[in-house]
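Residue strings, one per chain:
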Amino acid sequence: MSNIDQFKTTLTDGQIFKKDFIILGTGILNGTAVPETHVKIPLKTMNRHGLIAGATGTGKTKTLQVIAEQLSLKGVPSVLMDLKGDLSGLAMPGEANDFIMKRSATIGVEYSPQGLPVELMTISNEKGVRMRATVSEFGPVLMSQILEVNDTQQGVIALVFRYCDVNHLPLVDLKDFKRVLQFVTNEGKEAITKEFGQVSSASVNTIMRKIIELEQQGADRFFGERSFEVEDFTRTKDGKGVISVIRLTDIQSKPKLFSTFMLSLLSEIYETFPEQGDADQPKLCLFIDEAHLVFSNASKDLLEKIEAIIKLIRSKGVGVFFCTQTPTDVPDNVLGQLGLKVQHALRAFTAKDRKAITKTAENYPDSPFYKTSEVLTSMGIGEALITALNEKGIPTPLAHTLVRAPITRMDILEDAEINSLVSKSDLVQKYNQDIDQESAYEMLERKMMQLEKEQEKVTLPKPATKTVPKPKQEESFIEELSKNTMVRQMGRTLFRELARGILGSFSGKRR
Ligand SMILES: Nc1ncnc2c1ncn2[C@@H]1O[C@H](COP(=O)(O)OP(=O)(O)O)[C@@H](O)[C@H]1O
Ligand SMILES: [Mg+2]
(Lines give C-alpha, C1' and ligand atoms only; values in the text may rest on other atoms or scores of the structure.)
(Ligands and ions follow the chains in the order given, each with its own letter.)
Protein backbone atom coordinates (compact mmCIF):
# COMPACT_ATOMS: atom_id res chain seq x y z
CA MET A 1 0.00 0.00 0.00
CA SER A 2 1.30 3.44 -0.87
CA ASN A 3 1.89 6.01 1.83
CA ILE A 4 -1.12 8.01 0.65
CA ASP A 5 -3.39 4.98 0.75
CA GLN A 6 -2.13 4.17 4.22
CA PHE A 7 -2.84 7.75 5.28
CA LYS A 8 -6.38 7.53 3.88
CA THR A 9 -7.01 4.23 5.64
CA THR A 10 -5.66 5.50 8.95
CA LEU A 11 -7.82 8.61 8.89
CA THR A 12 -10.92 6.75 7.76
CA ASP A 13 -10.58 3.91 10.26
CA GLY A 14 -9.69 6.26 13.09
CA GLN A 15 -12.74 8.46 12.50
CA ILE A 16 -15.69 6.11 12.37
CA PHE A 17 -18.43 7.70 14.42
CA LYS A 18 -21.90 6.40 15.24
CA LYS A 19 -23.33 9.85 15.92
CA ASP A 20 -23.12 13.20 14.18
CA PHE A 21 -19.90 15.16 13.67
CA ILE A 22 -18.60 18.34 12.06
CA ILE A 23 -15.96 18.56 9.31
CA LEU A 24 -13.05 20.93 9.89
CA GLY A 25 -11.06 20.32 6.71
CA THR A 26 -9.01 17.72 4.90
CA GLY A 27 -5.75 15.92 5.66
CA ILE A 28 -2.39 17.05 4.30
CA LEU A 29 0.49 14.64 3.65
CA ASN A 30 3.97 15.76 2.58
CA GLY A 31 2.67 19.26 2.02
CA THR A 32 -0.20 18.24 -0.28
CA ALA A 33 -3.90 18.13 0.57
CA VAL A 34 -5.28 14.60 0.28
CA PRO A 35 -8.89 14.24 -0.91
CA GLU A 36 -11.25 11.89 0.95
CA THR A 37 -9.53 12.42 4.26
CA HIS A 38 -11.99 14.71 6.00
CA VAL A 39 -10.87 15.69 9.47
CA LYS A 40 -13.85 15.50 11.81
CA ILE A 41 -14.90 16.20 15.37
CA PRO A 42 -17.67 14.05 16.83
CA LEU A 43 -20.33 16.20 18.54
CA LYS A 44 -20.60 13.64 21.30
CA THR A 45 -17.18 14.45 22.73
CA MET A 46 -17.29 18.21 22.39
CA ASN A 47 -18.04 18.52 26.07
CA ARG A 48 -14.49 17.21 26.62
CA HIS A 49 -13.14 20.70 25.96
CA GLY A 50 -10.34 21.78 23.65
CA LEU A 51 -7.46 23.99 22.73
CA ILE A 52 -6.81 26.08 19.64
CA ALA A 53 -3.20 27.26 19.69
CA GLY A 54 -0.74 28.90 17.31
CA ALA A 55 1.33 32.00 16.66
CA THR A 56 -0.35 35.29 15.72
CA GLY A 57 -1.83 35.28 12.23
CA THR A 58 -1.79 31.50 11.76
CA GLY A 59 -5.57 31.08 11.71
CA LYS A 60 -6.75 30.47 15.30
CA THR A 61 -9.64 32.90 15.20
CA LYS A 62 -10.82 31.62 11.81
CA THR A 63 -10.73 28.05 13.11
CA LEU A 64 -12.80 29.17 16.08
CA GLN A 65 -15.20 30.83 13.64
CA VAL A 66 -15.43 27.65 11.53
CA ILE A 67 -16.15 25.46 14.57
CA ALA A 68 -18.81 27.86 15.91
CA GLU A 69 -20.43 27.98 12.43
CA GLN A 70 -20.53 24.24 11.99
CA LEU A 71 -21.95 23.81 15.49
CA SER A 72 -24.63 26.40 14.80
CA LEU A 73 -25.63 24.57 11.62
CA LYS A 74 -26.05 21.42 13.74
CA GLY A 75 -28.26 23.35 16.16
CA VAL A 76 -25.62 23.70 18.87
CA PRO A 77 -25.41 27.21 20.39
CA SER A 78 -22.13 28.73 21.46
CA VAL A 79 -20.69 31.62 23.41
CA LEU A 80 -17.64 33.46 22.07
CA MET A 81 -15.45 35.68 24.22
CA ASP A 82 -14.39 38.23 21.65
CA LEU A 83 -11.37 40.08 23.03
CA LYS A 84 -10.15 41.52 19.78
CA GLY A 85 -13.52 42.40 18.34
CA ASP A 86 -13.03 40.22 15.26
CA LEU A 87 -15.94 37.79 15.56
CA SER A 88 -19.04 39.88 14.84
CA GLY A 89 -18.75 38.89 11.16
CA LEU A 90 -20.50 35.61 12.01
CA ALA A 91 -23.81 37.43 11.53
CA MET A 92 -23.17 38.09 7.83
CA PRO A 93 -22.54 35.79 4.85
CA GLY A 94 -18.96 35.33 3.71
CA GLU A 95 -17.83 36.43 0.28
CA ALA A 96 -16.95 33.84 -2.28
CA ASN A 97 -13.68 34.48 -4.14
CA ASP A 98 -11.32 32.33 -6.19
CA PHE A 99 -9.12 31.53 -3.21
CA ILE A 100 -12.03 30.33 -1.11
CA MET A 101 -13.74 28.40 -3.92
CA LYS A 102 -10.50 26.61 -4.71
CA ARG A 103 -9.84 25.86 -1.05
CA SER A 104 -13.35 24.44 -0.63
CA ALA A 105 -13.01 22.29 -3.74
CA THR A 106 -9.67 20.92 -2.52
CA ILE A 107 -11.19 20.09 0.86
CA GLY A 108 -14.27 18.58 -0.75
CA VAL A 109 -16.88 20.73 1.01
CA GLU A 110 -19.53 22.96 -0.48
CA TYR A 111 -19.03 26.68 0.06
CA SER A 112 -22.47 28.08 0.86
CA PRO A 113 -22.05 31.53 2.40
CA GLN A 114 -24.69 32.57 4.93
CA GLY A 115 -25.10 34.74 8.01
CA LEU A 116 -25.84 32.90 11.24
CA PRO A 117 -27.99 33.93 14.22
CA VAL A 118 -25.74 36.13 16.37
CA GLU A 119 -26.47 37.92 19.62
CA LEU A 120 -24.00 40.64 20.58
CA MET A 121 -23.42 40.97 24.32
CA THR A 122 -21.41 43.24 26.59
CA ILE A 123 -20.41 43.69 30.21
CA SER A 124 -19.49 47.33 29.69
CA ASN A 125 -20.48 50.07 27.29
CA GLU A 126 -20.43 48.27 23.96
CA LYS A 127 -23.60 47.82 21.96
CA GLY A 128 -25.53 44.65 22.67
CA VAL A 129 -27.26 42.71 25.40
CA ARG A 130 -26.09 43.97 28.78
CA MET A 131 -24.85 41.11 30.94
CA ARG A 132 -25.12 41.89 34.60
CA ALA A 133 -25.05 40.09 37.91
CA THR A 134 -26.20 41.22 41.31
CA VAL A 135 -23.70 41.43 44.14
CA SER A 136 -25.72 38.73 45.96
CA GLU A 137 -25.39 36.36 43.03
CA PHE A 138 -21.71 37.10 42.65
CA GLY A 139 -21.23 35.96 46.23
CA PRO A 140 -18.51 36.60 48.81
CA VAL A 141 -15.93 34.28 47.26
CA LEU A 142 -15.82 35.92 43.85
CA MET A 143 -16.22 39.35 45.36
CA SER A 144 -13.11 38.75 47.46
CA GLN A 145 -11.28 37.43 44.40
CA ILE A 146 -12.07 40.41 42.28
CA LEU A 147 -11.21 42.87 45.05
CA GLU A 148 -7.93 41.05 45.78
CA VAL A 149 -8.35 41.28 49.54
CA ASN A 150 -6.42 39.49 52.30
CA ASP A 151 -7.81 36.80 54.60
CA THR A 152 -9.04 39.21 57.27
CA GLN A 153 -10.83 41.32 54.70
CA GLN A 154 -12.28 38.18 53.11
CA GLY A 155 -13.72 37.39 56.52
CA VAL A 156 -15.36 40.81 56.66
CA ILE A 157 -16.86 40.37 53.20
CA ALA A 158 -18.19 36.96 54.15
CA LEU A 159 -19.71 38.54 57.24
CA VAL A 160 -21.39 41.29 55.24
CA PHE A 161 -22.99 38.74 52.92
CA ARG A 162 -24.02 36.67 55.90
CA TYR A 163 -25.54 39.67 57.63
CA CYS A 164 -27.49 40.58 54.51
CA ASP A 165 -28.60 36.99 54.07
CA VAL A 166 -29.91 36.72 57.59
CA ASN A 167 -31.52 40.13 57.53
CA HIS A 168 -32.97 39.84 54.04
CA LEU A 169 -31.12 42.84 52.69
CA PRO A 170 -30.83 42.47 48.91
CA LEU A 171 -27.33 43.29 47.67
CA VAL A 172 -28.00 44.33 44.11
CA ASP A 173 -25.31 46.79 43.10
CA LEU A 174 -22.06 48.18 44.47
CA LYS A 175 -23.98 51.07 46.02
CA ASP A 176 -25.76 48.56 48.26
CA PHE A 177 -22.55 46.81 49.13
CA LYS A 178 -20.86 50.05 50.12
CA ARG A 179 -23.86 51.15 52.16
CA VAL A 180 -23.87 47.92 54.19
CA LEU A 181 -20.12 48.17 54.78
CA GLN A 182 -20.66 51.68 56.07
CA PHE A 183 -23.49 50.47 58.28
CA VAL A 184 -21.32 47.71 59.73
CA THR A 185 -18.82 50.16 61.19
CA ASN A 186 -21.22 52.98 62.02
CA GLU A 187 -24.88 52.70 62.93
CA GLY A 188 -24.94 48.93 62.99
CA LYS A 189 -21.69 48.40 64.85
CA GLU A 190 -23.20 47.47 68.20
CA ALA A 191 -25.67 44.94 66.83
CA ILE A 192 -23.13 43.36 64.51
CA THR A 193 -20.50 43.01 67.21
CA LYS A 194 -23.09 41.26 69.34
CA GLU A 195 -24.15 38.90 66.59
CA PHE A 196 -20.90 38.25 64.69
CA GLY A 197 -18.03 39.68 66.74
CA GLN A 198 -15.75 42.64 66.24
CA VAL A 199 -15.27 44.02 62.73
CA SER A 200 -12.11 46.00 62.11
CA SER A 201 -12.82 49.36 60.60
CA ALA A 202 -9.37 49.34 58.99
CA SER A 203 -10.45 46.25 56.99
CA VAL A 204 -13.73 47.89 56.05
CA ASN A 205 -11.88 50.99 54.89
CA THR A 206 -9.57 48.91 52.70
CA ILE A 207 -12.51 47.06 51.17
CA MET A 208 -14.25 50.38 50.52
CA ARG A 209 -11.19 51.71 48.76
CA LYS A 210 -10.92 48.60 46.60
CA ILE A 211 -14.57 48.83 45.62
CA ILE A 212 -14.00 52.38 44.48
CA GLU A 213 -11.01 51.21 42.42
CA LEU A 214 -13.19 48.52 40.89
CA GLU A 215 -15.84 51.10 40.06
CA GLN A 216 -13.20 53.15 38.31
CA GLN A 217 -12.49 50.10 36.11
CA GLY A 218 -16.11 50.22 35.03
CA ALA A 219 -17.30 47.30 37.15
CA ASP A 220 -20.29 49.27 38.42
CA ARG A 221 -21.78 48.71 34.96
CA PHE A 222 -21.58 45.00 35.57
CA PHE A 223 -23.31 44.82 38.96
CA GLY A 224 -27.04 45.33 39.04
CA GLU A 225 -30.41 44.30 37.73
CA ARG A 226 -31.58 42.79 35.53
CA SER A 227 -29.24 39.93 36.06
CA PHE A 228 -28.39 37.74 33.11
CA GLU A 229 -29.92 34.28 32.88
CA VAL A 230 -27.47 31.84 31.34
CA GLU A 231 -30.35 29.84 29.85
CA ASP A 232 -30.48 32.61 27.27
CA PHE A 233 -27.22 31.26 25.85
CA THR A 234 -28.91 28.07 24.75
CA ARG A 235 -31.37 29.36 22.19
CA THR A 236 -31.81 28.22 18.61
CA LYS A 237 -33.28 30.08 15.65
CA ASP A 238 -34.67 28.20 12.65
CA GLY A 239 -32.90 25.10 13.90
CA LYS A 240 -29.54 26.87 14.08
CA GLY A 241 -27.70 27.39 17.34
CA VAL A 242 -27.52 31.05 18.37
CA ILE A 243 -23.95 32.35 18.62
CA SER A 244 -23.54 34.77 21.53
CA VAL A 245 -20.58 37.05 20.90
CA ILE A 246 -19.50 38.71 24.15
CA ARG A 247 -17.63 41.84 23.14
CA LEU A 248 -14.74 42.29 25.52
CA THR A 249 -12.34 44.51 23.62
CA ASP A 250 -12.06 46.89 26.55
CA ILE A 251 -11.19 44.18 29.05
CA GLN A 252 -7.65 43.44 27.81
CA SER A 253 -6.19 45.86 30.33
CA LYS A 254 -8.26 44.35 33.13
CA PRO A 255 -7.29 40.68 33.28
CA LYS A 256 -8.54 40.32 36.84
CA LEU A 257 -11.99 41.46 35.85
CA PHE A 258 -11.91 39.07 32.89
CA SER A 259 -10.86 35.98 34.82
CA THR A 260 -13.40 36.68 37.54
CA PHE A 261 -16.12 37.26 34.96
CA MET A 262 -15.18 33.96 33.30
CA LEU A 263 -15.34 32.09 36.57
CA SER A 264 -18.66 33.67 37.51
CA LEU A 265 -20.11 32.72 34.15
CA LEU A 266 -18.87 29.14 34.34
CA SER A 267 -20.14 28.81 37.90
CA GLU A 268 -23.53 30.19 36.97
CA ILE A 269 -23.77 27.77 34.04
CA TYR A 270 -22.73 24.90 36.26
CA GLU A 271 -25.29 25.86 38.89
CA THR A 272 -28.14 26.38 36.46
CA PHE A 273 -27.86 23.69 33.79
CA PRO A 274 -29.27 20.24 34.51
CA GLU A 275 -27.10 17.13 34.39
CA GLN A 276 -26.86 16.07 30.79
CA GLY A 277 -26.11 12.35 31.06
CA ASP A 278 -24.76 10.59 28.00
CA ALA A 279 -25.84 13.02 25.30
CA ASP A 280 -25.16 12.83 21.56
CA GLN A 281 -24.19 16.49 21.31
CA PRO A 282 -23.17 19.33 23.59
CA LYS A 283 -25.75 21.69 24.99
CA LEU A 284 -23.41 24.67 24.68
CA CYS A 285 -19.83 25.37 23.61
CA LEU A 286 -17.83 28.24 25.05
CA PHE A 287 -14.84 29.69 23.20
CA ILE A 288 -12.33 31.90 24.94
CA ASP A 289 -10.10 33.81 22.54
CA GLU A 290 -6.84 35.21 23.96
CA ALA A 291 -7.24 32.76 26.83
CA HIS A 292 -3.81 33.52 28.28
CA LEU A 293 -5.50 36.56 29.81
CA VAL A 294 -7.61 34.28 31.97
CA PHE A 295 -4.60 32.49 33.37
CA SER A 296 -1.66 34.87 33.34
CA ASN A 297 -2.80 37.08 36.19
CA ALA A 298 -5.02 34.70 38.08
CA SER A 299 -4.13 33.87 41.67
CA LYS A 300 -3.41 30.25 42.59
CA ASP A 301 -6.74 30.11 44.32
CA LEU A 302 -8.62 31.39 41.30
CA LEU A 303 -6.74 28.96 39.03
CA GLU A 304 -7.72 26.02 41.19
CA LYS A 305 -11.33 27.10 41.02
CA ILE A 306 -11.22 27.44 37.25
CA GLU A 307 -9.65 23.98 36.95
CA ALA A 308 -12.26 22.47 39.23
CA ILE A 309 -15.21 23.97 37.43
CA ILE A 310 -13.91 23.03 33.99
CA LYS A 311 -13.79 19.44 35.13
CA LEU A 312 -17.30 19.57 36.56
CA ILE A 313 -19.04 21.47 33.79
CA ARG A 314 -18.57 18.58 31.33
CA SER A 315 -21.43 16.70 32.93
CA LYS A 316 -23.70 19.63 32.08
CA GLY A 317 -22.96 19.13 28.40
CA VAL A 318 -20.80 22.25 28.15
CA GLY A 319 -17.53 22.28 26.20
CA VAL A 320 -14.92 24.97 26.86
CA PHE A 321 -12.37 25.81 24.16
CA PHE A 322 -9.29 27.89 24.84
CA CYS A 323 -7.70 29.88 22.06
CA THR A 324 -4.16 30.99 22.78
CA GLN A 325 -0.67 31.34 21.33
CA THR A 326 1.11 28.37 22.86
CA PRO A 327 -0.27 25.48 24.88
CA THR A 328 2.13 26.51 27.64
CA ASP A 329 -0.17 29.51 28.26
CA VAL A 330 -2.66 27.06 29.73
CA PRO A 331 -1.93 25.49 33.13
CA ASP A 332 -1.01 21.78 32.95
CA ASN A 333 -4.01 20.73 35.02
CA VAL A 334 -6.35 22.34 32.52
CA LEU A 335 -4.33 21.20 29.50
CA GLY A 336 -4.60 17.60 30.66
CA GLN A 337 -8.39 17.84 30.50
CA LEU A 338 -8.64 19.02 26.91
CA GLY A 339 -9.95 16.51 24.38
CA LEU A 340 -9.77 18.45 21.12
CA LYS A 341 -6.41 19.84 20.09
CA VAL A 342 -6.01 22.18 17.16
CA GLN A 343 -2.43 23.35 16.81
CA HIS A 344 -1.59 25.98 14.23
CA ALA A 345 2.00 26.88 13.34
CA LEU A 346 4.43 27.94 16.04
CA ARG A 347 7.42 30.18 15.47
CA ALA A 348 10.88 29.22 16.67
CA PHE A 349 12.65 32.51 17.27
CA THR A 350 13.98 32.14 20.77
CA ALA A 351 15.23 29.35 23.01
CA LYS A 352 11.99 29.68 24.94
CA ASP A 353 10.04 29.19 21.69
CA ARG A 354 11.99 26.02 20.89
CA LYS A 355 11.33 24.66 24.35
CA ALA A 356 7.61 25.35 23.93
CA ILE A 357 7.68 23.54 20.57
CA THR A 358 9.32 20.45 22.05
CA LYS A 359 6.82 20.45 24.88
CA THR A 360 3.91 20.95 22.49
CA ALA A 361 5.05 18.10 20.23
CA GLU A 362 5.20 15.78 23.24
CA ASN A 363 1.56 16.55 23.98
CA TYR A 364 0.42 15.14 20.65
CA PRO A 365 -0.10 11.49 19.81
CA ASP A 366 2.71 9.92 17.73
CA SER A 367 2.05 9.73 14.02
CA PRO A 368 3.71 7.45 11.46
CA PHE A 369 3.12 10.20 8.89
CA TYR A 370 4.68 13.26 10.49
CA LYS A 371 7.56 14.48 12.55
CA THR A 372 5.39 16.67 14.74
CA SER A 373 8.02 19.19 15.79
CA GLU A 374 8.87 19.84 12.13
CA VAL A 375 5.27 20.18 10.99
CA LEU A 376 4.66 22.53 13.90
CA THR A 377 7.02 25.15 12.56
CA SER A 378 6.35 24.70 8.85
CA MET A 379 2.55 24.74 8.54
CA GLY A 380 0.91 27.41 6.40
CA ILE A 381 -1.79 29.87 7.44
CA GLY A 382 -5.16 28.17 7.95
CA GLU A 383 -3.51 24.79 8.49
CA ALA A 384 -3.35 22.95 11.80
CA LEU A 385 -2.44 19.68 13.46
CA ILE A 386 -5.72 18.30 14.74
CA THR A 387 -6.69 15.46 17.01
CA ALA A 388 -10.08 15.01 18.67
CA LEU A 389 -11.54 12.35 20.93
CA ASN A 390 -13.56 9.62 19.30
CA GLU A 391 -16.82 8.48 20.85
CA LYS A 392 -14.94 6.01 23.04
CA GLY A 393 -12.71 8.81 24.32
CA ILE A 394 -9.64 7.68 22.35
CA PRO A 395 -7.68 10.33 20.41
CA THR A 396 -8.34 10.34 16.67
CA PRO A 397 -5.28 10.05 14.36
CA LEU A 398 -3.20 13.21 14.31
CA ALA A 399 -3.91 15.02 11.05
CA HIS A 400 -2.12 17.94 9.46
CA THR A 401 -5.28 19.68 8.25
CA LEU A 402 -6.18 22.24 5.62
CA VAL A 403 -8.93 24.04 7.58
CA ARG A 404 -12.04 24.98 5.63
CA ALA A 405 -12.89 28.65 5.14
CA PRO A 406 -15.60 30.26 7.27
CA ILE A 407 -18.97 30.57 5.51
CA THR A 408 -19.62 33.83 7.36
CA ARG A 409 -17.82 37.10 6.85
CA MET A 410 -14.11 37.01 7.74
CA ASP A 411 -14.26 40.69 8.64
CA ILE A 412 -16.12 42.61 11.33
CA LEU A 413 -19.56 44.20 11.08
CA GLU A 414 -19.92 47.86 10.25
CA ASP A 415 -21.51 50.21 12.77
CA ALA A 416 -24.80 50.32 10.87
CA GLU A 417 -24.93 46.52 10.78
CA ILE A 418 -24.27 46.35 14.51
CA ASN A 419 -27.03 48.89 15.19
CA SER A 420 -29.46 46.95 13.04
CA LEU A 421 -28.61 43.63 14.74
CA VAL A 422 -28.96 45.14 18.20
CA SER A 423 -32.23 46.89 17.39
CA LYS A 424 -33.80 43.60 16.32
CA SER A 425 -32.72 41.69 19.43
CA ASP A 426 -35.41 40.67 21.89
CA LEU A 427 -32.71 39.95 24.49
CA VAL A 428 -31.66 43.60 24.30
CA GLN A 429 -35.27 44.48 25.10
CA LYS A 430 -35.20 42.10 28.01
CA TYR A 431 -31.93 43.16 29.62
CA ASN A 432 -31.08 46.71 28.75
CA GLN A 433 -33.29 48.71 31.10
CA ASP A 434 -31.81 49.83 34.38
CA ILE A 435 -33.81 48.63 37.33
CA ASP A 436 -33.16 50.14 40.73
CA GLN A 437 -35.49 48.22 42.99
CA GLU A 438 -35.53 48.87 46.67
CA SER A 439 -32.43 47.11 47.93
CA ALA A 440 -29.99 47.30 50.84
CA TYR A 441 -29.12 50.93 50.19
CA GLU A 442 -32.67 52.24 50.27
CA MET A 443 -33.66 49.96 53.13
CA LEU A 444 -30.83 51.09 55.36
CA GLU A 445 -31.49 54.72 54.52
CA ARG A 446 -35.13 54.28 55.46
CA LYS A 447 -34.19 52.56 58.66
CA MET A 448 -31.90 55.39 59.69
CA MET A 449 -34.60 57.96 59.06
CA GLN A 450 -37.05 56.00 61.14
CA LEU A 451 -34.60 55.69 64.03
CA GLU A 452 -33.91 59.38 63.95
CA LYS A 453 -37.63 60.17 64.15
CA GLU A 454 -38.08 57.87 67.13
CA GLN A 455 -35.06 59.35 68.81
CA GLU A 456 -36.47 62.85 68.32
CA LYS A 457 -39.72 61.86 70.02
CA VAL A 458 -37.86 60.51 73.08
CA THR A 459 -35.34 63.27 73.49
CA LEU A 460 -37.56 66.30 72.79
CA PRO A 461 -37.15 69.11 73.70
CA LYS A 462 -33.43 68.46 74.30
CA PRO A 463 -31.15 69.05 71.31
CA ALA A 464 -30.72 65.84 69.32
CA THR A 465 -27.65 63.81 70.21
CA LYS A 466 -25.95 61.20 68.06
CA THR A 467 -28.23 58.20 67.62
CA VAL A 468 -27.16 54.66 68.34
CA PRO A 469 -29.50 51.89 67.24
CA LYS A 470 -30.66 49.65 70.06
CA PRO A 471 -30.63 45.88 69.54
CA LYS A 472 -34.36 45.82 70.16
CA GLN A 473 -35.05 48.29 67.41
CA GLU A 474 -32.74 46.27 65.24
CA GLU A 475 -34.95 43.26 65.66
CA SER A 476 -38.19 44.99 64.88
CA PHE A 477 -36.59 46.42 61.79
CA ILE A 478 -35.55 42.95 60.68
CA GLU A 479 -39.03 41.66 61.29
CA GLU A 480 -40.43 44.46 59.23
CA LEU A 481 -38.03 43.69 56.43
CA SER A 482 -38.81 40.01 56.30
CA LYS A 483 -42.48 40.88 55.99
CA ASN A 484 -41.72 43.04 53.05
CA THR A 485 -43.29 41.26 50.11
CA MET A 486 -41.25 43.14 47.57
CA VAL A 487 -38.14 41.59 49.03
CA ARG A 488 -39.58 38.15 48.56
CA GLN A 489 -40.56 38.93 45.01
CA MET A 490 -36.97 39.60 44.13
CA GLY A 491 -36.73 35.85 43.90
CA ARG A 492 -33.74 34.69 42.00
CA THR A 493 -31.60 37.68 42.84
CA LEU A 494 -31.91 37.21 46.53
CA PHE A 495 -29.84 34.98 48.75
CA ARG A 496 -28.40 33.05 45.90
CA GLU A 497 -24.79 32.50 46.36
CA LEU A 498 -22.91 31.63 43.28
CA ALA A 499 -21.79 28.02 43.07
CA ARG A 500 -21.83 27.63 46.80
CA GLY A 501 -20.58 24.09 46.71
CA ILE A 502 -17.73 24.48 44.28
CA LEU A 503 -16.42 27.78 45.35
CA GLY A 504 -16.40 26.73 48.97
CA SER A 505 -16.70 28.99 51.93
CA PHE A 506 -14.48 31.04 54.17
CA SER A 507 -15.83 30.44 57.59
CA GLY A 508 -17.37 27.03 57.35
CA LYS A 509 -20.53 28.65 58.69
CA ARG A 510 -21.89 28.93 55.20
CA ARG A 511 -22.92 25.70 53.66
N1 LIG B 1 -9.51 28.59 7.53
C2 LIG B 1 -9.15 29.66 6.82
N3 LIG B 1 -9.66 29.87 5.59
C4 LIG B 1 -9.32 30.95 4.88
N5 LIG B 1 -8.45 31.89 5.30
C6 LIG B 1 -7.90 31.75 6.50
C7 LIG B 1 -8.21 30.62 7.33
N8 LIG B 1 -7.51 30.75 8.48
C9 LIG B 1 -6.80 31.88 8.38
N10 LIG B 1 -7.02 32.51 7.22
C11 LIG B 1 -6.41 33.79 6.79
O12 LIG B 1 -5.39 34.16 7.74
C13 LIG B 1 -5.71 35.39 8.40
C14 LIG B 1 -5.32 35.32 9.87
O15 LIG B 1 -6.13 34.40 10.55
P16 LIG B 1 -6.60 34.60 12.05
O17 LIG B 1 -7.55 33.51 12.35
O18 LIG B 1 -7.09 35.97 12.29
O19 LIG B 1 -5.24 34.38 12.84
P20 LIG B 1 -4.95 34.36 14.41
O21 LIG B 1 -6.25 34.38 15.13
O22 LIG B 1 -4.18 33.11 14.65
O23 LIG B 1 -4.13 35.57 14.68
C24 LIG B 1 -7.19 35.60 8.16
O25 LIG B 1 -7.52 36.96 8.11
C26 LIG B 1 -7.43 34.91 6.82
O27 LIG B 1 -7.13 35.77 5.75
MG1 LIG C 1 -6.91 35.79 16.60
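Here we summarise the structure given alongside this text.

Analysis parameters
- Residues numbered from 1 in each chain as written.
- Chains lettered and ligands numbered in written order.
- Predicted model: local features only at pLDDT ≥ 70, side-chain atom pairs only at ≥ 80, totals over all residues.
- Heavy atoms only, no water.
- Salt bridge = Lys/Arg side-chain N within 4 Å of Asp/Glu carboxyl O.
- Helix = DSSP H or I, 4+ residues; strand = E, 2+ residues; numbered from the N terminus.
- Buried < 20%, exposed > 50% of the residue type's maximum accessible area, 1.4 Å probe, protein only.
- Phe/Tyr/Trp six-rings, centres within 6.5 Å; stacked < 30°, edge-to-face > 60°.
- Lys NZ or Arg CZ within 6 Å of the ring centre and 35° of its normal.
- Core = buried A, V, L, I, M, F, W, Y, C linked by side-chain atoms within 4.5 Å.
- Domains from an automatic or database assignment.
- Contact = heavy atoms within 4.5 Å.

What about the pattern of salt bridges?
Point 1. Inspection of every chain in the model, using the stated rule, returns 21 salt bridges.
Point 2. Residue Arg 179 pairs with Glu 445 through a salt bridge whose shortest N-O separation is 2.6 Å. Here Arg 179, found in helix α6 (residues 174–185), pairs with Glu 445, found in helix α17 (residues 440–459); they are 266 residues apart in sequence, far enough to count as distant.
Point 3. Taking the relative accessible area as the measure of exposure, Glu 445 reaches 31% and is therefore partly exposed.
Point 4. Note that Glu 275 and Lys 316 form a salt bridge whose closest N and O atoms lie 3.9 Å from each other. In this pair, Glu 275 sits in the loop between α9 (255–272) and β10 (284–288) while Lys 316 sits in the loop between α11 (300–313) and β11 (318–324), placing the two residues 41 residues apart along the sequence.
Point 5. Exposure remark for Glu 275: the relative accessible area of 54% places this residue in the exposed category.
Point 6. Judged by its relative accessible area of 8%, Lys 316 is buried.
Point 7. The network of salt bridges with shared partners includes Lys 19, Lys 44, Asp 278 and Asp 280.

Section: unusual backbone geometry
Point 1. In this structure, Arg 226 follows Glu 225 across a cis peptide bond, with omega equal to 5 degrees.
Point 2. Along the polypeptide, Arg 226 turns up in the loop between α8 (201–216) and β7 (236–237).
Point 3. Although it is not a glycine, Glu 148 adopts a positive phi angle of roughly 55 degrees.
Point 4. Turning to its location among the elements, Glu 148 is positioned in the loop between α4 (135–147) and α5 (151–166).
Point 5. Judged by relative accessible area, Glu 148 falls into the partly exposed class, the value being 49%.
Point 6. At His 168, a position not held by glycine, the phi torsion is positive, near 55 degrees.
Point 7. Along the chain, the position of His 168 falls in the loop between α5 and α6.

A few points about the packing of aromatic side chains
Point 1. Under the counting rule described, the total for this entry stands at 14 aromatic pairs.
Point 2. Taken together, a centroid distance of 5.9 Å and an interplanar angle of 75 degrees make the contact between Phe 138 and Phe 222 edge-to-face. Of this pair, Phe 138 sits in helix α4 while Phe 222 is found in the loop between α8 and β7, placing the two residues 84 residues apart along the sequence. Phe 222 carries the same exposure label as Phe 138, and that label is buried.
Point 3. For the ring pair Phe 222 and Phe 223, a centre distance of 5.2 Å and an interplane angle of 70 degrees mean the geometry is edge-to-face.
Point 4. Feature note: the residues Phe 138, Phe 222, Phe 223 and Phe 261 constitute an aromatic cluster, connected by ring pairs.
Point 5. Its guanidinium or amino end placed over the ring of Tyr 270, Lys 316 lies 4.5 Å from that ring's centre, counting from NZ or CZ.

Focus: the nonpolar core
Soluble globular proteins tend to pack their nonpolar side chains together in the buried interior.
Point 1. Ranked by internal contacts, the top residues of the largest apolar core, which has 140 residues, are Met 81, Met 143, Phe 177 and Phe 233.
Point 2. The leading source of residues in this core is α9, at nine residues.
Point 3. No fewer than three residues from each of domain 1 (3–131 + 225–413) and domain 2 (135–223 + 434–453 + 470–499) sit in this core.
Point 4. With near-sequence residues (within four places) excluded, Met 143 lies in contact with Val 135, Phe 138, Ile 157, Phe 161, Leu 174, Phe 177 and Phe 223.
Point 5. With five residues, the next largest nonpolar core counts Ile 23, Ile 28, Ile 107 and Val 109 among its residues.

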